Amino acid sequence: MHPILRGFLDKWVYPTGFIGPGVDFRLRQTERCLPLWDKLVLQAIKAAGTDLASGSDEYKAARARGGYAAEGPFMSLKQMSTQILSVEISEQPKYIDLQRMRARQIWDEVKHGQLHADVMLRGGFIKREEDLMDDPRANTQPKLSYFGMTAMFPHIHPLARAGQHYYNESMACLGIAATLSVIKDDLIRHQLHSQSAEELMHFMEGKYQIDAYALTPADQKPIEEVFDFLLRPWAPEPSRALGGSA
Ligand SMILES: [Fe+2]
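1. Brief notes about the overall build of the protein
Moving on, step 1. Across its full length, the protein carries eight helices and zero strands.
Moving on, step 2. Counting helices and strands in the order they occur from the N terminus, the protein gives α-α-α-α-α-α-α-α.
Moving on, step 3. Whereas a compact globule of 246 residues would reach a radius of gyration of roughly 18 Å, the protein reaches 18 Å, a difference of no more than 12%.
Moving on, step 4. Overall, the C-alpha framework of the protein stretches about 55 × 40 × 30 Å when taken along its three principal axes.
Moving on, step 5. Sorting the 246 residues of the protein into buried and exposed places 50% on the buried side.
Moving on, step 6. When contacts within the protein are restricted to residue pairs at least 6 apart in sequence, those whose partners lie at least 24 apart make up 80%.
Moving on, step 7. When the accessible surface of the protein is summed, it comes to about 11,400 Å², and 61% of that surface belongs to carbon and sulfur atoms.

Here's what the structure looks like:
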C-alpha cells in the first residue's frame, strides 16, 4: 500500500467518534475500496510524472479544462439538487444534517469550477472565462450518471449519496495529495491546495452519514448498491484534474 493512502487511512478513515452497526458496515465497504484507492494514488503519481516530462505547459490547461467540465454549476446543480430532493418534507427533521451539508456542497462545487477557470485565466490559456464555451474539452466529461439523473426521477434514497462521498471524494483527496507530491508548479499547487480541504469535508460527510445513520440493513442497502455501482470495472476514476486519467 502506498504511504499516501496509509496516511489517509490512519488520519481520516479509521478514527471515528461512533461505534455500532454503521461503523461496522463502513469498514466492510472500506475493504472493497482499498485496492482502487491504492491504484488511484499510483495512477495520479504516474500521470503527474508524465505531465512534467511533456516539456510543455499544455498539461496545466488540460487539467483545468477537464476539471472545469467536471465541476462547477453543471455538477453542483445537477447532483446536489437531486440529493436535496431525495429527502421528503416529513423526513427533514431526521436528515437535516444531510440537507445542510448538501446545501454547502452546491457552493463548494461552483467554487471548484471557478478555480479551474482561474488556472486558465492566470496561466494565459484564455482571455475571458467565456472563451471556454467554445471548447468542447471544457464542456464534456465521462462521469457516471447515477447522481446526475434528472431530479424528476426520484429513485435515490436520502443516504445513497454517502456511498459516492465515501468512495469518490476520498479519491479526490488522494489524487490531490499524490499530485502535490510530484508537481511543484505554483499555479497547479494553488488550485489543488484551495480545493483539498473541501474534498476532505465531502469525504468526511460520507463517513459521518454512514457511521451515524446507516444502522439497519434497510438503511445500508441503498448505500451498498452505490458501492456496487461505483466499483464496477468500467467505472471511471475522478477527473484528470484530481488525478484520474480522463
Ligand atoms: Fe468538486
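2. What about the packing of aromatic side chains?
Moving on, step 1. Tallying each qualifying case throughout the model produces seven aromatic pairs.
Moving on, step 2. Cluster of aromatic residues (ring-pair linked, three or more members): Phe8, Trp37, Tyr166, Phe203 and Phe227.

Definitions and cut-offs
- Residues numbered from 1 in each chain as written.
- Predicted model: local features only at pLDDT ≥ 70, side-chain atom pairs only at ≥ 80, totals over all residues.
- Heavy atoms only, no water.
- Helix = DSSP H or I, 4+ residues; strand = E, 2+ residues; numbered from the N terminus.
- Rg over C-alpha atoms; globule rule 2.2 N^0.38 Å.
- Buried < 20%, exposed > 50% of the residue type's maximum accessible area, 1.4 Å probe, protein only.
- Contact = heavy atoms within 4.5 Å.
- Areas by Shrake-Rupley, 256 points an atom, 1.4 Å probe, with all protein chains shown as cover.
- Phe/Tyr/Trp six-rings, centres within 6.5 Å; stacked < 30°, edge-to-face > 60°.

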